[in-house]
Amino acid sequence: MTLMPSPPIRRATLSPYLRCLWGIVWREGLRFYQQRGRFIAALVRPLVWLLVFAAGFRAALGLSITAPYETYVLYEVYIIPGLIGMIQLFNGMQSSLSLVYDREMGSMKVLLTSPLPRWYLLICKLLAGCAVSLVQVYIFLAISYAIGIDLPLLGYLALAPTLIVTGLMLGAIGMLLSTFIKQLENFAGVMNFVIFPAFFLSSALYPLWKMRESSELLYWLCALNPFTHAVEFIRFSLYLKFSIEAAGWTSLSLLIFLGAAIWAYDPQRGLDGAGRG
Amino acid sequence: MALTENEAAAGIQISDLSYAYGAKKALDNLSFTVKTGRFTALLGPNGAGKSTLYHLLTRIMKLQAGQIEIFGSDLNRSSLTAMTSMGIVFQQQTLDLDLTVRQNLRYFAALHGLPHRGLEDQISNRLSSLDMLERADEKVRALNGGHRRRVEIARALLHEPKLLLLDEPTVGLDVPSRKAIVSYIHKQCQERGLTALWATHLVDEVLPEDDLILLHRGSIRAQGCVADLLKKHNCDDVAALFETLVLAEPVE
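Everything numeric in this text was worked out from a predicted model, so none of it was measured.

The rules we used
Residues numbered from 1 in each chain as written. Chains lettered and ligands numbered in written order. Predicted model: local features only at pLDDT ≥ 70, side-chain atom pairs only at ≥ 80, totals over all residues. Heavy atoms only, no water. Axes fitted to C-alpha atoms, helices over the stretch in contact; angles between N-to-C directions. Helix = DSSP H or I, 4+ residues; strand = E, 2+ residues; numbered from the N terminus. Parallel < 35°, antiparallel > 145°, perpendicular 65-115°, else oblique. Left-handed = near helix turned anticlockwise from the far one by under 90°. Contact = heavy atoms within 4.5 Å. Nonpolar A, V, L, I, M, F, W, Y, C, P; charged D, E, K, R; others polar. Phe/Tyr/Trp six-rings, centres within 6.5 Å; stacked < 30°, edge-to-face > 60°. Buried < 20%, exposed > 50% of the residue type's maximum accessible area, 1.4 Å probe, protein only. Pairing = 2+ DSSP bridges. Expected span 1.5 Å × (residues − 1). Bend = angle between axes of the 7 residues up to and from the residue.

Caption draft 1: Quick look at the packing of helix H3 (residues 75-105) of chain A against helix H10 (residues 226-238) of chain A. Residue and element names in this part refer to chain A. Two elements in contact, H3 and H10, have axes separated by 9 Å at closest approach and are oriented at 125°. When the axes of H3 and H10 are compared, the pair comes out oblique. As for the relative orientation of H3 and H10, their crossing is right-handed in sense. Along the contact surface, H3 presents Tyr78, Ile80, Pro81, Gly82, Ile84, Gly85, Met86, Gln88 and Leu89, while H10 presents Phe227, Val231, Ile234, Arg235 and Leu238. Its residues assigned to classes, the contact of H3 with H10 shows 10 nonpolar, 3 polar and 1 charged.

Written out as C-alpha cells, the structure reads:
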C-alpha cells in the first residue's frame, strides 16, 4: 500500500492566513461584480438622495455652522457623509443577506471547514464586505465630484482608514443579525426594523441639534445610535479632522458587535431539515 | 516506507460519541475505527444518524459527548492538524453556482492556504482525473448533478488530504455517474492510500473488500470487513445483510 504524504501543517506561517483573506475578498469582489443589479442599486440609491432629496431640502432646511464645517455648507455637501454611511449600511446588511444565502446554499460549510480558526474566517468575511463597500463609496464620491460637490482633496485619502472601521462595524452588525435569521425570507424584516430606523434616527440627514429642537427623545435615540457616530466619524475625516467621540464610539461598537457576532455565530443554524440523517 | 506515528494511527477513531437534538437521541454511544488507507462504507437507512455524524466529524456541529481523533489528533484540541488532513464532500451541494469550476477550486485552495505556485496545474490535474478539465471554465450553474459532484470531489482532494469524508455523495445521480464516482474513490484508496468514509443508504455501493459500519437508529449494528460480516451472518450479499440487521427490526 502506498501511503499518501502527510499534508503540510501550516500552523507557523502567516501566508496561509493572507491567502485565505485574499481568497475571500476575491470571491466577494467577483460576486459583487457579477451582480450588476446590486452594483447599480448601490450607486443609484445614494445618488437619488443626493440629486433629488437634497435638492428639494436645500431650500427648506437651513443649517447653521456645525463642526467640522467652518462655514455654511450646502445641504448637498452636508448629507454626503450620511450617504457614504448609507452605502456602507446597506452593504453591511447585504453581507448579512449573503451570509444567510451562503448558509442556505451550503457554501458556508466550505468556508467553515477550512482548517483556519473560525473567528479568523468570519473577520475575513467582514473585511471582504468592507472592501466591496470601499469601492462603492469611492465611485459614489467620484460621481459627486463630477457633479460639483466640493470636498477637500486630502479628505478623500483621510477617509479610507475611517471607512474600514465604519464598514467593519456596520458589517459586524449585519453578521450578528445573520445569526438570528433562520431563512432568507426573514430578511425583509431587517430592512424595516434595522436599516430604516438606523438611517433616519441618525445625523445622516440633519444635525442632531436640529433633531433636539423637535424631540428630546428622538435626539437621545439618535445619539445612542452607532450609525450616528459612524456618520460623524466619516464627516470629520472628510474634513481632515478627528472626533475622539465619534471614533471612540464607532470603534467600541465595532468591538462589541464583532465579539457578539463571533460568539453567536452558529454553523449549525440552518441545518434543520437538511442533514439530520 | 516506514510509517510515522500519526500514519500508523487509525484514520478516524471515535469513542463514546453521543448526540441528541433536544430529547431525541441521534447518536448513541458510538465507538468505531476507520482504518488508514481503507474504503469504509457507513451504511444506514435515512435517519440512521449518518449526517449527524458527518457534521460532528467536520466540526459543523459541536460535540456533546465523546471523542473524535483524526490520525491521532483530537478534533477538538488539535483541530488545525485534524482539519488539514481532511477532505469533505457534503450531502448538500456546496459549490458556488455563479463561479466557474476553476474559480470554485481556486477559492477552496485559498481557504486552505495552498500556495499559488503550481496551483493551476494542480487544479487541472485533479479535474482531468475526473474528466472535468474541459468544463473548467464553465459556470457551475451550467453543470448537471453528476458533474457538480465530480467537481466537489476534485475540490475535496485538491489539498491532497489523507482522509476523505463523503456524505451520500451519489444521491440523485444516475447509475453510470454513481458507478463512476464509487469506482474513482475506490481507486484512490487502492492506489494512493486514501482513507475514505463513505456514507450511503445504497447497498450496491458497498463492495465485498470494503470495510463496513452499519448504523441504525443512532447505534452501530455491525462493523468489520464486508466479506467477514457476510460470512458471519450467513448472507449472500450486502442487501441481505442490510435486510437481516436493519430492515427486519420492528418499526418503532
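Still more ground to cover, so stick around.
Caption draft 2: Fine view of the packing of aromatic side chains. Tallying each qualifying case throughout the model produces 13 aromatic pairs over all chains. The interplanar angle of 20° and the centroid separation of 6.3 Å between the aromatic rings of Tyr75 of chain A and Tyr78 of chain A together place this pair among those described as stacked. Highlighted residues: Tyr75 of chain A and Tyr78 of chain A, both in helix H3, separated by 3 residues, approximately one helical turn. Tyr78 of chain A carries the same exposure label as Tyr75 of chain A, and that label is buried. Considering the side-chain rings of Tyr19 of chain B and Tyr21 of chain B, the 5.3 Å spacing of their centres and the 70° angle between planes classify their relative orientation as edge-to-face. Tyr21 of chain B shares its class with Tyr19 of chain B; the two are buried. One aromatic cluster in this structure is built from Trp49, Phe53, Phe196, Phe199, Phe200 and Phe227 of chain A.

Caption draft 3: Molecular detail of the side chain of Glu28 of chain A. Residue and element names in this part refer to chain A. Topologically, Glu28 is positioned in helix H1 (residues 15-34). Classification of Glu28 as buried rests on a relative accessible area of 5%. Non-local contacts of Glu28, meaning those with residues more than four positions away in its chain, are made with Arg38, Ser98, Lys125, Ala128, Gly129 and Val132.

Caption draft 4: Seen up close, the sheet that holds strand E7 (residues 163-167) of chain B. All names here are of chain B. Strand order in the open sheet formed by 6 strands is E6-E7-E8-E3-E9-E10, and the pairing between neighbours is mixed. Taken across any chain shown, the strands that pair with only one partner, and hence form the sheet edges, are strand E6 (86-89) and strand E10 (219-225). For this sheet, the mean angle separating the axes of adjacent strands, direction not counted, is 15°. Sheet topology places E7 next to strand E8 (residues 195-200); 5 bridges connect them, and they run parallel. Note on E8: the bridge partner recorded for Asp167 is Ala199. In this fold helix H2 (residues 50-57) packs onto strand E3 (39-43), E6, E7, E8 and strand E9 (211-216), with an angle of close to 145° to the strand it touches most, E8.

Caption draft 5: Main features of H3 of chain A. Residues and elements named next belong to chain A. The end-to-end C-alpha distance of H3, which contains 31 residues, comes to 44 Å, matching closely the 45 Å that a straight helix rising 1.5 Å per residue would cover. The largest bend along H3 reaches roughly 35° and is located at Pro81. Buried residues dominate H3, accounting for 26 of its 31 residues.

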